[in-house]
Amino acid sequence: MTRRIVSATTLALLGCLLAAGFLGAQPRPEAIDPEAELVVAMPDDTQNMDPRLGMGSVRSTYIRQVFESLVDTDPQGRPVPGLAVSWKPVGDTTWEWALRPGVRFHNGEAFNADTVLFNLDRMFKKNLDKWNIKDVPTAGFDKTYPFVSRWEKVNDLTVRIHTTEPAPTLWDFIGREPLVPKDYTIKNGIDGLNERPVGTGPWRLVEWKRKDSMRLERWDGYWGAKTQARRLRFQVIPEAAARLAALRAGQVAVVDSVPPLDASVLARDGAIKVASSPQKLICRLYLNGRPKEAFDSGGKDGLFADVRVRQALALAVNQDAIVKKLFHGYAQPNASPVSTVSIGYAAQEAYPYDPKRAQALLAEAGWKDTNGDGILDKGGEMLALQLLFPAKHYGQGFDETTPAVAEMLKAIGVKVDIKPVDFATLLQTVTKGTLPWNGGFTACRTSNNLDADDYVRDWASVTLINWAPFPPELAELYKATRRELDPKKRLALLADLQKKVRDWAPVIPLYQEIKIYALSPRVVGFQALSELHMDFRPVGLRK
């Protein structure tokens, strides 16, 4: 009897202790400051806010706070409903989208089927005269996806998109494009949209000081979960050391583009958190291999049209040394044209570092040092590369990689002249097709899409990143990957295409980036994504 009484008393006392929280069985939720300003140190400003002007590795973080897509992603990079609640094929050549009801833009304009049709008109450069808006100087979807034939409104919340052939990835390349308001854009024009953007996203723009900062506030009319912080500020601090100093001083809470060497040191610092993830950011050396009619050539074909020359340059680049010595492991070699985190990626054999084989290939292509000056020549022309280099845009690792690669190429007899340019100048050059006939540039290929198709399409049509168009046999294989509806057969075709592109070497792969962030200990809810942007919806600051 006594034993039972003691037992009951003990259980009662235990219950009291649990209720009082003395045993710590359930941690209390962290106290988040709902009025906090979350300050993020960025290496560069965005050149634009209108998504049709381009979405790169830096620009995506700015743009996707304000604008949203039909298809969103979860933290693991998987597709989830965004402005569309569902999408499905209706037959082999039609896709149907069910739109999210009750969504409004920051100015109160309703999001509906008319919004989607207007954005499709902009993507495919249709009916611009009807809407009295100007075109933008970027490649339209009409050239990249010419098989998309028409789009129609079924009702206010349903849209159908028709194609002339099967298009298994339409949900991706249409669904991931950020959407802008119809009426606001028509009223204010493209320049107004770009300077004073209005979206459906969780943050609305308050102030944008070019090359200095962008201030945003929580959009209380947002259809989804409200942001943890009240305000968000992107502060441009070009130098990595200054960004980290601002973090230590408590002036910023998140630092983008942490240099790899600093990350290794910070990881041992208990006062700062480090987060990283492989990203869809493949850095490459692009070489002019276009025929003379496809660029402002001065009557010459691109100097690097010979596949043997491009293969030689690939063999001259020591990717392992770049990853180990410049990135301290915060990057990875990738010989596939597709990022390792994309749907349909197939691993490819890395290019070996083999300068002797590189020189033999160049000799086979007719390039020899005829005068003993250490520079190869043929027919009176030097093997010279005018290399455009967008410094202070992609980060310190990239800035160190470009001159290192130049030295590797010089070692096999290539004359390399590096010309640092700002990123806007590089974009203008490649968009207008004014790259020199013996020109090239280093840049990082990004993707806002989820499927491998967005990478392997690079050489299918002449765009700003296509400087070595597909030969006929690869063009046909690419078309087969795009039209195949059977998922297993399509993956096999994609793997075959990646292997053939690797061997054809249209670009020289340098590395795939592992993006690194540094965080104040007050930051909660931050996740490093495989996507290009940072998602600040769940991110808060402790009180």
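Scroll up a little and you will see the structure.
Visitor: How would you explain the pairing of strand β12 (residues 273–287) if you had to name every residue and give the values?
Guide: Among the 15 residues that make up β12, 11 are buried, leaving the element largely enclosed by the rest of the structure. Sheet analysis places β12 next to strand β19 (residues 507–519), joined by 11 bridges and oriented antiparallel. Across the sheet, arginine 284 pairs through a bridge with proline 509, a residue of β19. Note that β12 and strand β18 (residues 439–446) share seven bridges and pair antiparallel. By the bridge assignment, tyrosine 286 is partnered in β18 with phenylalanine 441.

Visitor: Which residues make up the sheet that holds strand β4 (residues 84–89), and what values do they have?
Guide: Strand order in this open sheet of four strands is β4-β5-β7-β6, and the pairing throughout is antiparallel. Looking along the sheet, the strands with just one partner apiece sit at the ends: β4 and β6 (148–155). Across the sheet, the axes of successive neighbouring strands diverge by a mean angle of 20°, strand direction being ignored. Alignment of strand β5 (residues 94–99) against strand β7 (residues 158–163), held across five bridges, turns out to be antiparallel. For tryptophan 95, the partnering residue across the bridge sits in β7 and is isoleucine 161.

Visitor: An account of the environment of alanine 253 is needed here, citing residue identities and associated values.
Guide: Here alanine 253 is to be found in the loop between α8 (240–248) and β11 (254–255). Alanine 253 sits in the buried class, given a relative accessible area of 6%. Considering only alpha carbons, one finds alanine 253 and threonine 425, 172 residues apart in sequence, at a separation of 31 Å. The residues contacting alanine 253, other than those within four sequence positions of it, are Leu38, Val39, Leu247, Ala518, Leu519, Ser520, Val523 and Leu541.

Rules used throughout
Residues numbered from 1 in each chain as written. Predicted model: local features only at pLDDT ≥ 70, side-chain atom pairs only at ≥ 80, totals over all residues. Heavy atoms only, no water. Buried < 20%, exposed > 50% of the residue type's maximum accessible area, 1.4 Å probe, protein only. Helix = DSSP H or I, 4+ residues; strand = E, 2+ residues; numbered from the N terminus. Pairing = 2+ DSSP bridges. Axes fitted to C-alpha atoms, helices over the stretch in contact; angles between N-to-C directions. Contact = heavy atoms within 4.5 Å.

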